[in-house]
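Architecture at a glance
Residues per chain, in single letters:
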Amino acid sequence: MEKRKITVLGAGESGTGAAILAQKKGFQVFVSDLSQIKPYYKEQLDARGIEWEEQHHSEERILESDEIIKSPGIPKEAPIIQKLMAQGTPIISEIEFAGRYTNARMVCITGSNGKTTTTSLIYHIFKMAGMNVGLAGNIGSSLAWQVAEKDFDWYVIELSSFQLDNMYDFKADIAVLMNITPDHLDRYDYEMQNYVDAKMRVIRNQTGSDAFVYWADDPIITRELKKYGLKATLYPFSEAMKEDLAAWTDNGTVYFDRPYAFNMEQESLALRGKHNLYNSMAAGISASIAGIRSDTIRKALQSFQGVEHRLERVARVGGVDFINDSKATNVNSCWYALQSMPVKCVLILGGKDKGNDYTEIEPLVREKCVGLVYLGLHNEKLHSFFDPMGLPVADVQSMSDAVKAAYGMAKKGQIVLLSPCCASFDLFKSYEDRGEQFKNCVRAL
């Protein structure tokens, strides 16, 4: 019998892992990437004799495939995707494909903000508890590669809306939804509901033996839940105590009530700020559902070191603190960062705008900011929105100039905050590249 043909579109971490797993499961595999493939991934494919092409698509060959595994960065509007959809070829995500070949239990975390920190926190707790666990999705090695090469009992997976888009039969044993605020609207026809629908796919296929952990005060989640006949057990959390919560705070103490009760001092949490309180609650509930003891959860929440590029303290120069929040690629992330600032700050923002509405951060910018630095190729929208506030502003197109301008505006005892609100792709390779450049420029002052 002829092998079934799978084409993997995109040869980054996700696509290469999917190709390796597909080959291991007996498929005829072909990898095609419109961009250049990084040498590391070429080596991975070559070592296994997996055929690949870069900087073009062999359309005829791709269109003959029985199934397509699409990397999350490729939009549905891409011409090759449109042709595949028109002829009815199944298109799935790497996560969907990997889920077919493992019986491991899945903790899946999504949300517009907080998902990387929450995912990292849950993984940290599981590791401290001695669990046999893998870290996958947007961080760590791809799920498909781990399913092919490792043998974990649990996976903790950070899922973007793009990854959720092409998941159909995959199921989360524990689904975590931190919040839903506008993001990536350029990928969703500038329709918020399309983005909301993608995020809500995290609860798809859940049964009565599964769990759904979510922020009880998110108006969109609360509204959307009414549309779903959800069978999973609900574990809502909130800052303020109310009925049926799994976790809340009261008078400086964090209370976890379900699936079993314990508490800890809010001051003892390793991560500061309201948003990190929510991240810690979601992580604590998830670990508790997985059967991890409360004393282990407490110790892990007290010892976690934080996530790089997320409110990361870089250095103090001339009495000015520099904080790297390059991972803030949307307006709501910047809101959380500003909200957690204990003193006045100079804000560096800008980049590739994804249909941003800056109204959400306007009150905090007025309250907390003493200057603004616009870092991007196209700063017109920032000028038109923020300039009327009358704050000192600087227009720059390199990180070095941004750091120098911000340092010049800040006084001793204040903070320079890089929290861009935007994607990084106009001037940088990634938000990581943007954050690394920021840190290097600060250290060079």
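Before reading further, recall that the structure is shown in the block above.
All values derive from a computational prediction rather than experimental measurement. (Residues numbered from 1 in each chain as written. Predicted model: local features only at pLDDT ≥ 70, side-chain atom pairs only at ≥ 80, totals over all residues. Heavy atoms only, no water.)

Quick notes on the pattern of salt bridges
Defined as follows: A pair is scored as a salt bridge if a Lys or Arg side-chain nitrogen falls within 4 Å of a carboxyl oxygen belonging to Asp or Glu. Numbering of helices and strands runs from the N terminus, with a helix taken as a DSSP run of H or I at least four residues long and a strand as a DSSP run of E at least two residues long.
Across all of its chains, the model carries 21 salt bridges by this definition. Measuring nitrogen to oxygen at the nearest pair gives 2.7 Å for the salt bridge that ties Lys439 to Glu308. Here Glu308 lies in the loop between α12 (294-303) and β15 (312-317) and Lys439 lies in helix α17 (residues 431-443), a separation of 131 residues in the sequence. Note that Glu362 and Arg366 form a salt bridge whose closest N and O atoms lie 3.0 Å from each other. Of this pair, Glu362 and Arg366 both sit in helix α14 (residues 362-368), four residues apart, which is roughly one turn of that helix.

A word on the environment of Ala129
For clarity, the threshold we go by: To sort residues, take the accessible area from a 1.4 Å probe on protein chains only and compare it with the maximum for the residue type: under 20% means buried, over 50% means exposed, and anything in between is partly exposed. It only takes one pair of heavy atoms within 4.5 Å for two residues to be counted as in contact.
By the element assignment, Ala129 lies in the loop between α6 (115-128) and β7 (133-137). With a relative accessible area of 31%, Ala129 lands in the partly exposed category. The sequence separation of Ala129 and Gly291 amounts to 162 residues, and the corresponding C-alpha distance is 9.8 Å. Those residues in contact with Ala129 that lie beyond four places of it in its chain are Ile292 and Thr296.

Some points on the packing of aromatic side chains
Aromatic ring pairs: the centre-centre distance and the angle between the two ring planes describe each pair. The line we're drawing: In this analysis, rings of Phe, Tyr and Trp, with Trp reduced to its six-membered ring, are considered paired at centre separations within 6.5 Å, and the interplanar angle assigns stacked below 30 degrees, edge-to-face beyond 60, and tilted for intermediate values. Only Lys NZ and Arg CZ are tested; either one counts as a charge over a ring when it is within 6 Å of the ring centre and within 35 degrees of the ring normal.
Inspection of every chain in the model, using the stated rule, returns 17 aromatic pairs. Between Phe126 and Trp154 the ring centres are 5.3 Å apart and the planes differ by 80°, which places this aromatic pair in the edge-to-face class. Placement of Phe126 in helix α6 and of Trp154 in strand β8 (residues 154-158) is noted, with a sequence separation of 28 residues between them. For Phe126, a relative accessible area of 0% translates into the label buried. Residue classification places Trp154 among the buried residues on the basis of a relative accessible area of 8%. Among the aromatic residues, those joined into a cluster by ring pairs are Phe27, Phe97 and Tyr101. Taking the ring centre of Phe30 as reference, the NZ or CZ of Arg61 above it sits at 3.9 Å.

Details of the nonpolar core
Most often, soluble globular proteins keep nonpolar side chains buried together rather than apart. Spelled out, the test is: Nonpolar cores are built from buried Ala, Val, Leu, Ile, Met, Phe, Trp, Tyr and Cys residues. Side-chain atoms within 4.5 Å join them into one set.
Counting 50 residues, the largest nonpolar core has Leu143, Ile157 and Phe212 as its most contacted members. When residues of this core are assigned to their parent elements, the largest contribution, five residues, is made by helix α1 (residues 13-24). Residues within four places of Ile157 in sequence aside, it is in contact with Ile95, Met106, Val107, Cys108, Ile109, Thr119, Ala136, Gly137, Leu143 and Phe170. Judged by nonpolar contacts, the second largest core, of 40 residues, contains Ile109, Phe237, Ala287 and Val307.

Regarding the sheet that holds strand β4 (residues 67-70)
Stated precisely, the cut-off is as follows: For two strands to pair, DSSP has to find at least two bridges joining them.
Read across the sheet, five strands follow the order β3-β2-β1-β4-β5 without closing on themselves; strand pairing throughout is parallel. Of all the strands in the sheet, the pair left with one neighbour each is β3 (51-54) and β5 (91-92).

Points about the packing of α1 against helix α2 (residues 39-47)
Applied cut-off: Interaxial angle, 0 to 180 degrees, is taken between N-to-C directions of lines fitted to C-alpha atoms, where a helix line uses only the stretch in contact. Throughout, the term roughly parallel applies to angles under 35 degrees, roughly antiparallel to angles over 145, roughly perpendicular to angles from 65 to 115, and oblique to all others. Throughout, the ten residues Ala, Val, Leu, Ile, Met, Phe, Trp, Tyr, Cys and Pro are labelled nonpolar, Asp, Glu, Lys and Arg are labelled charged, and all others, Gly among them, are labelled polar.
Contact geometry for α1 and α2: axes closest at 10 Å, N-to-C directions at 5°. Considering their axes alone, α1 and α2 lie roughly parallel with respect to each other. Contacts between α1 and α2 involve Glu13, Thr16, Ala19 and Ile20 from the former and Tyr41, Gln44 and Leu45 from the latter. Of the residues contributing to the contact of α1 with α2, the split by class is four nonpolar, two polar and one charged.

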